Amino acid sequence: MKKKGFFMSIVFVLMTIQTSYAYQELTYNEFITYVKTHHPLVKQANLQTEMGTATILKAKGNFDPKLTAAYDRKKFKKTTYYDELNTTLKIPTWYGVELKANFEKNEGVFLDPSLTVPDDGLYSAGISIPIAQGLLINERMAMLKKAHLYQKETRAKRELLINKALYKASIAYFKWLEFSRAYKIQNEFLKKATERTEAIKRSVAQGEKPLIDITEATIAIQDRALKLEVIALKMNKARLHLNTFLWLDDVPMELQESVLPVFPEKDVLQKTIFNNNEITAEAIIDQHPKLMEIDTKIGALKIDKRLKINKLLPKIFIEYNFLTPKYDQTSSLNTANYKTGINMSFPLFLRKERGNIKLAKLKIEAAKFDRLSNSLAIENKIKALKNEIKSIDTQNELITDIARKRLKLVTVEERKFSLGESSLFLINSREQKLIAAQEKENVLQIKKLVVLANLYHTIGKVNF
């Protein structure tokens, strides 16, 4: 970690004086690791899991014991009409059953007779049971079950957000790499054209070459300098775009021009993004965060459906309470002293309930179609990207061979030119084709990296 921090301090420290004589390298692995650690989008994604945990805590709050107290007193012309105190402790349980403890102390001249209790008050302990609607599933149970599903959904959303951030960062790095390599190619041929021009000037001065060769050589220099300037502009724009992914302690950092990218080694993308975990076709479909997100939504919709079906049942609540004036004597609790009741309600047509059930079924069906569509789209895109990678590999082999042969032609043409058997026009013409081949080779190599990044982005499973 100390070596990493030291390297990053060299790369990302803001300086007013740039070192033109020394270059630093920023590898893809170092860059993407830095993005994983410091980028705001990644930090924002990590908040998703905290939101899931907070949602579960909120849902569990519906099962918290609840203490209520009510006090009413009326006194007029020195007469206490009534003085009523009622405190209740309710403890909800999983299956809709509610435990209750109560204390009442009431007195007064005009007290309702039904509220008359012993002088020291009246204690009660009882239970409330829904025997139809709300017993096997109720709002509290449904909310907690959906909270656990939501926690899984937040994990899937976290992976999707991180995957998106790493994909965008990877593309930015590869574009910077592409233009940096293109700049290097064009700059090398510009140097070569400059050296050739100096040699031609000496030959013209000695009468070995015609004067017009200097003009043609100078045009070649100007043409390559113009192209180099265009590439330099693109490279700087790519580097500035890369800066949007470089942060440290929530402060954006600036990449210096003396820092250069490095072409990634084979399989570095999988090692960097996926920690070299085995990725199988089954894992892609079963564990894809987008599909997992849809699965959790389907699970939540099924819970809603069960809850709505349960509402077809009548609301029937039975309550029974033992009464005693002495809370510290359990022997005083007996069936002779009690308070009980029953409460029932039932809508006659159930149109609202039946409509809700129908809507719940339709939402589940729509979500399943959505999952099927997304699953097929992911499978087809993965197949297409794999086919594209194979095609790019074939193109890379061809262009590499072409570039090697064109380099051989340029070398032969330069030897012939030195012997006076060729012309500068032929050399420039062959060099232009060599430059084009090397540029195409560069584009294809970067394109493969981009497609690989797209493939891993489509797979969507990020592990770190």
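Procedures and definitions
Residues numbered from 1 in each chain as written. Predicted model: local features only at pLDDT ≥ 70, side-chain atom pairs only at ≥ 80, totals over all residues. Heavy atoms only, no water. Helix = DSSP H or I, 4+ residues; strand = E, 2+ residues; numbered from the N terminus. Contact = heavy atoms within 4.5 Å. Phe/Tyr/Trp six-rings, centres within 6.5 Å; stacked < 30°, edge-to-face > 60°. Lys NZ or Arg CZ within 6 Å of the ring centre and 35° of its normal. pLDDT = per-residue confidence, 0-100. Buried < 20%, exposed > 50% of the residue type's maximum accessible area, 1.4 Å probe, protein only. Lys, Arg positive; Asp, Glu negative; His and termini not counted. Salt bridge = Lys/Arg side-chain N within 4 Å of Asp/Glu carboxyl O. Core = buried A, V, L, I, M, F, W, Y, C linked by side-chain atoms within 4.5 Å. Pairing = 2+ DSSP bridges. Axes fitted to C-alpha atoms, helices over the stretch in contact; angles between N-to-C directions.

Draft legend 1. View of the environment of methionine 344. As for its position among the elements, methionine 344 is in strand E10 (residues 338-345). The spatial distance from the C-alpha of methionine 344 to the C-alpha of phenylalanine 317 is 6.5 Å, given a sequence separation of 27 residues.

Draft legend 2. Layout of the environment of asparagine 396. Looking at the secondary structure, you find asparagine 396 in helix H9 (residues 351-418). The spacing of asparagine 396 and lysine 448 is 52 residues in sequence and 9.1 Å in space, taken between C-alpha atoms. Excluding residues within four positions of it along the chain, asparagine 396 makes contact with Glu441, Leu444, Gln445 and Lys448.

Draft legend 3. Up close: the packing of aromatic side chains. Inspection of the entire model under this criterion finds 11 aromatic pairs. Grouped by ring-pair contacts, the aromatic residues Tyr28, Phe31, Tyr173, Phe174 and Trp176 constitute a single cluster. Its end group placed over the ring of tyrosine 81, lysine 74 keeps NZ or CZ at 4.7 Å from the ring centre. We note lysine 209 situated over the ring of phenylalanine 417; from NZ or CZ to the ring centre the distance is 3.7 Å.

Draft legend 4. A look at the confidence of the model for the protein. Confidence in the prediction of the protein, expressed as mean pLDDT, is 86, and 90% of residues score 70 or more. Counting contacts from residues 1-21, a segment whose pLDDT is below 50, to residues more than four positions away or on other chains yields 26 contacts.

Draft legend 5. Molecular detail of the side chain of arginine 140. As for its placement among the helices and strands, arginine 140 is situated in helix H4 (residues 139-205). At 4.5 Å, glutamate 98 is the nearest oppositely charged side chain to arginine 140, a buried residue that forms no salt bridge. If we ignore the near neighbours within four places in the chain, the residues touching arginine 140 are Asn62, Phe63, Pro92, Thr93 and Gly96.

Draft legend 6. View of the nonpolar core. In terms of nonpolar packing, the biggest core is built from 30 residues, with Phe31, Tyr173, Phe174, Trp176, Leu242 and Leu255 touching the most fellow members. Elements supplying a minimum of two residues to this core: helix H2 (28-38), helix H3 (40-60), H4, helix H5 (212-242) and helix H10 (424-459). Here this core gets 11 residues from one element, more than from any other, and that element is H4. Apart from the residues lying within four places of it in its own chain, the contact partners of tryptophan 176 are Leu26, Met235, Ala238, Arg239, Leu242, Leu255, Val259, Leu260 and Pro261. Within the second largest apolar cluster, 12 residues are counted, among which are Ile389, Ile392, Leu452 and Leu455.

Draft legend 7. Just the sheet that holds strand E9 (residues 315-324), in detail. Read from one edge of the open sheet, 6 strands run E2-E3-E4-E5-E9-E10, paired in antiparallel fashion. Only two strands of the sheet have a single neighbouring strand rather than two, namely strand E2 (66-76) and E10. On average, each strand axis in the sheet is inclined to that of its neighbour by 15 degrees, with strand direction left out of account.

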